[in-house]
Amino acid sequence: MSEPQDRRAAITGIGVVAPNGTNPDTFWKATREGLSVLDRVTREGCEHLPLKVAGEVRAFDPAATIEERFLVQTDRFTHYAMAAADLALDDARLGLADTPDAPYSIGVVTAAGSGGGEFGQRELQRLWGKGSRFVGPYQSIAWFYAASTGQVSIRRGFKGPCSVVASDEAGGLDALAHAARAVRRGTDVIVAGSTEAPLAPYSVVCQLGYEELSRETDPTRAYRPFTDAACGFVPAEGGAMLVVEAAGAARERGAEVRAVVAGHSATFTGASRWAESREGLAHAIRQALREAGCAPEEIDVVFADALGVPEADRAEALALADALGEHGTRVPVTAPKTGIGRGYCAAPVLDTAAAVLAMEHGLIPPTPNVIDVCHDLDLVTGRARTAELRTALVLSRGLMGSNSALVLRHGAVQ
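Residues numbered from 1 in each chain as written. Predicted model: local features only at pLDDT ≥ 70, side-chain atom pairs only at ≥ 80, totals over all residues. Heavy atoms only, no water.

An unreviewed UniProt entry annotates the chain as Putative polyketide beta-ketoacyl synthase 2 originating from Streptomyces spinoverrucosus. Under the Sequence similarities (unreviewed entry) heading, UniProt states for the chain: "Belongs to the thiolase-like superfamily. Beta-ketoacyl-ACP synthases family." (UniProt positions renumbered as here; feature names shortened; annotations may be inferred.)

In structure tokens, the structure reads:
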């Protein structure tokens, strides 16, 4: 059995399908340049709805990478997951032959908030418009938030521990933490992450109940957290999947340890209680640092939750000061999601992917569309900032009250 040090949870592969790039390279190039791809919603059936701006994945053809028999069974959010998982596994150069106990030593963990709304709406329209004989047999599974875990594991033949995390938008980080703990306990590999597709008409209507959702029609003004002009968040589709495996095993097979999941913690403070999220998020940060054995001043960059609601933004800024002390007002903070939208559970996984890439390149990506910061934060805006990055903190909060913090160490840090 490997020594405990060798069972550190290493990120060895990254797969991304996002509004600003459908592979890690294009995603990182757009992210480091601070490009904003927010635009008018074009999804059929959404034209008359109050949500006008979103982050859509437009340069993606699922049929180019996913077999027809899986496409007909699944919704768009699972198409993203299968494609991102393929990219992550290829990036990690991992096959069944690389794990001695495969396929039982490889598992899948995902988080999802919106589920398969597009698939479900289509089948329900057939039910009421044509009758039950016209409803496809996959209606019972394609909409379900667990569909991505199931389909990725079935398609790739993985028979190890598989699960789904249901903990609000913060579930994206919690899924990565769940994967890391499974690896520390002895599982060889976990494919973990989150993808979302919340831009079908039914899904959008459900989101209109969120007071925090931006109704702004100008894409450059629709999502501007930490400013006086903050008016809510813009939703997005897509997401990321990561390969998490034991660091020792990864090195033995010649894989690069790109980052280590060093610490995590989660709390709950209640739906839309943004002032209270200050205490809950600060507690999560402290506990994540404690698990990582990391002092506050060791944090080199923070990838912020950045909701875009004044009360929530203030709470996040204060939580950083509470948890990190004076360092909380000096540490560079960024929120690349303002250029692609906030993809619910997928948002913090995309932030995690960006954090790993930022540490590798020594570059903090900027926060698109944000100029005048009204909180005591060193928010990186305008252009990327060069920095030596050894440790990153990724934050996430959910509309229903979950808070989560994840500490990442650069793969070169021993």
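**Quick look at the pattern of salt bridges**
Side-chain pairs of opposite charge can arise where the charged atoms are in close proximity. This structure, assessed with the given rule, holds 21 salt bridges. A salt bridge links Asp86 to Arg155; the nearest nitrogen and oxygen atoms lie 3.0 Å apart. Linking Asp86 in helix α3 (residues 76–91) with Arg155 in helix α6 (residues 147–156), this pair joins segments that are 69 residues apart in sequence. For the pair Asp86 and Arg155, one class covers both residues: buried. What you see here is one network of salt bridges that share partners, running through Glu67, Asp86, Arg155 and Arg156. (Salt bridge = Lys/Arg side-chain N within 4 Å of Asp/Glu carboxyl O. Helix = DSSP H or I, 4+ residues; strand = E, 2+ residues; numbered from the N terminus. Buried < 20%, exposed > 50% of the residue type's maximum accessible area, 1.4 Å probe, protein only.)

**A word on the packing of helix α7 (residues 171–185) against helix α13 (residues 346–361)**
At their nearest, the axes of α7 and α13 sit 6 Å apart, and the two run at 60° to each other. One element, α7, and the other, α13, form an angle in the oblique class. Each of Gly172, Leu173 and Leu176 in α7 lies in contact with α13, whose residues at this interface are Pro348, Val349 and Thr352. When its residues are assigned to classes, the contact of α7 with α13 shows 4 nonpolar, 2 polar and no charged. (Axes fitted to C-alpha atoms, helices over the stretch in contact; angles between N-to-C directions. Parallel < 35°, antiparallel > 145°, perpendicular 65-115°, else oblique. Contact = heavy atoms within 4.5 Å. Nonpolar A, V, L, I, M, F, W, Y, C, P; charged D, E, K, R; others polar.)

**A word on the domain arrangement of the chain**
Taken domain by domain, the chain comprises domain 1 (9–253) and domain 2 (262–410). Taken together, the contact pairs 60 residues of domain 1 with 63 residues of domain 2. For the pair domain 1 and domain 2, the summed buried surface comes to about 4700 Å²; carbon and sulfur atoms form 69% of the total. In this structure, the connection of domain 1 to domain 2 is made through 1 salt bridge. We note a salt bridge from Arg181 to Glu291, for which the minimum N-O separation is 3.5 Å. Put simply, domain 1 and domain 2 have 24 residue pairs in polar contact (both at pLDDT 80 or more) between them. Among the secondary structure elements, those contributing two or more residues to the side of domain 1 that touches domain 2 are β1 (9–17), α1 (24–33), α7, β6 (189–196) and β7 (238–246). (Domains from an automatic or database assignment. Buried area = accessible area lost by both parts, 1.4 Å probe. Polar contact = N/O pair within 3.5 Å; in protein donor to acceptor, adjacent residues only side chain to side chain.)

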